[in-house]
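Coordinate analysis (summary)
Listed below are the residues making up each chain.
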Amino acid sequence: MAGSGGSWRDAYKGMSSDNIKGLVLALSSSLFIGASFIVKKKGLKKAGASGLRAGSGGYSYLMEPLWWIGMITMIFGEIANFAAYAFAPAILVTPLGALSIIISAALAHIILREKLHTFGILGCVLCVVGSITIVLHAPQEREIDSVIEVWNLATEPAFLFYAALVVGAAIVLVVQFIPQYGQTHVMVYIGVCSLVGSLSVMSVKALGIALKLTFSGTNQLVYPQTWVFTLIVLTCVITQMNYLNKALDTFNTAVVSPIYYVMFTTLTILASIIMFKDWDRQTGTQIVTEMCGFVTILSGTFLLHKTKDMVDGSSSGSLLLRLPKHSEESNGFEQEGIPLRRQGSAKSPRPLRHPKHTPEEEGFDPEAVVPLRRQETCRSS
């Protein structure tokens, strides 16, 4: 027993000072980013009312101050996130984006009046529980003394193969799938954001390490690799923002946020495992526990996705109400829905067919009607 207790303590030594700094920065980042989703969505709606919507290829939101406020808020969040990656491994920082899901879903319900079913709330809770499980078993940050070390890791065959797959898949989605399915399938836009985002995080981490070493006295700006990572970061971030705007303008915020979180987190951690070999410094128990955390997150996302069109207080059989893409812009949706259904029923060319029954089977007595008719005739006379 004593030996097993010692091995448990060895496996869970606690978080280093760098990991704690990364944790605090990541939490702050989630707060800013979660709020920015709502502010940007308000700006997109306002801009779409007076110009071509972003989901249809328009850029009128660039002239909307409210969208820029949301963008600045997101930039602050990304700066905090950028700094977090310089201190802690991606497998610790990235899952904390679950907090932004809770913030954006709650604010969407309050401000945008987007409905979130009770099972959707349960899905958010599952996402957070899975993320906490991963964070508690995250590896310690790898010691790196130069940006050249990061470059050597990035140019190993395994990561180069992963990067080629990501770039190829993103191009296929943009060229082949977005023109056909972009307006109807949320996974298309978010797939591009997540794929490109996994590469941007690796470049952000490399650039963050370079800046941290530079500020500590070891200048890394003299290396061309630092500027290559900077160029990759700019390219990937611009691509992410473009397609994230399209996703937010086309689909419900409470659905976009969690799906984007899960795909982005999964691909980022996969990229980190390949590039920085995070699992080489962990025990089998820690790796299995992290995988259980992933399954929990995926379960929460499944609940959120399956209940995005559900409203509380309905039975399971008649519970699905397909909301239009911009139903939040029609304040009278609930009042208009019933009359439209009734009109559709009245205009139906096919009359309702009832099963044929004899009067005796229905308990109907023709003789009982005759006195009533006679009484009505007498009264009218």
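Structure: see above.
This report concerns the structure included in the present document.

Take the overall build of the chain next. Per the secondary structure count, the chain includes 14 helices and 0 strands. Within the chain, counting contacts between residues at least 6 apart in sequence, those at least 24 apart form 82% of the total. In the form shown here, the chain has an accessible surface area of approximately 20800 Å², with 66% of it arising from carbon and sulfur atoms.

Further remarks concern the packing of helix 3 (residues 65-87) against helix 9 (residues 186-215). Orientation of helix 3 relative to helix 9, taken along the N-to-C sense of each, is 75°, at an axis distance of 8 Å. In terms of orientation, helix 3 lies roughly perpendicular with respect to helix 9. Across from F82, Y85, A86 and F87 in helix 3, the residues of helix 9 making contact are V201, V204, K205, L207, G208, I209, L211 and K212. The residue inventory of the contact of helix 3 with helix 9, partitioned by class, reads 9 nonpolar, 1 polar and 2 charged.

So, about helix 8 (residues 157-181). Taking 1.5 Å as the rise per residue, helix 8 with 25 residues should run 36 Å; its terminal C-alpha atoms sit 34 Å apart, in good agreement. Along helix 8, the largest kink reaches about 40° and is centred on V174. For helix 8, the complete set of buried residues consists of F159, Y162, A163, V166, A170, L173 and I178.

This next bit is on the layout of surface pockets. By volume, the second largest pocket is sized at about 770 Å³. As for the second largest pocket, its lining consists of 34 residues, of which I33, M74, E78, N81 and Q240 are closest to the centre. Among the elements that take part in the lining of the second largest pocket, helix 3 stands out by supplying 8 residues, more than any other.

Let's shift gears to the nonpolar core. Core analysis: the biggest nonpolar cluster contains 78 residues, and V150, F159, M202, L244, V256 and M275 have the highest contact counts within it. The element that contributes the greatest number of residues to this core is helix 9, accounting for 16 residues. Ignoring any residue separated from it by four or fewer positions in sequence, one finds M275 in contact with V150, L153, A154, F159 and M202.

With their axes 9 Å apart at the nearest point, helix 8 and helix 9 run at an angle of 155° to one another. Judged on the interaxial angle alone, helix 9 and helix 8 are roughly antiparallel. The way helix 8 lies across helix 9 gives a crossing that is left-handed. For the pair formed by helix 8 and helix 9, the contact residues are F159, Y162, A163, V166, V167, A169, A170, L173, V174, F177, I178 and Y181 on the first element and V188, Y189, G191, V192, L195, V196, S198, L199 and M202 on the second.

Conventions we followed
- Residues numbered from 1 in each chain as written.
- Predicted model: local features only at pLDDT ≥ 70, side-chain atom pairs only at ≥ 80, totals over all residues.
- Heavy atoms only, no water.
- Helix = DSSP H or I, 4+ residues; strand = E, 2+ residues; numbered from the N terminus.
- Contact = heavy atoms within 4.5 Å.
- Areas by Shrake-Rupley, 256 points an atom, 1.4 Å probe, with all protein chains shown as cover.
- Axes fitted to C-alpha atoms, helices over the stretch in contact; angles between N-to-C directions.
- Parallel < 35°, antiparallel > 145°, perpendicular 65-115°, else oblique.
- Nonpolar A, V, L, I, M, F, W, Y, C, P; charged D, E, K, R; others polar.
- Expected span 1.5 Å × (residues − 1).
- Bend = angle between axes of the 7 residues up to and from the residue.
- Buried < 20%, exposed > 50% of the residue type's maximum accessible area, 1.4 Å probe, protein only.
- 1 Å grid on protein atoms, 1.4 Å probe; cavity = no way out; pocket = protein on both sides within 12 Å on 5 of 7 lines; lining within 4 Å.
- Points joined across faces, edges and corners; volume = space filled by probe spheres on them.
- Core = buried A, V, L, I, M, F, W, Y, C linked by side-chain atoms within 4.5 Å.
- Left-handed = near helix turned anticlockwise from the far one by under 90°.

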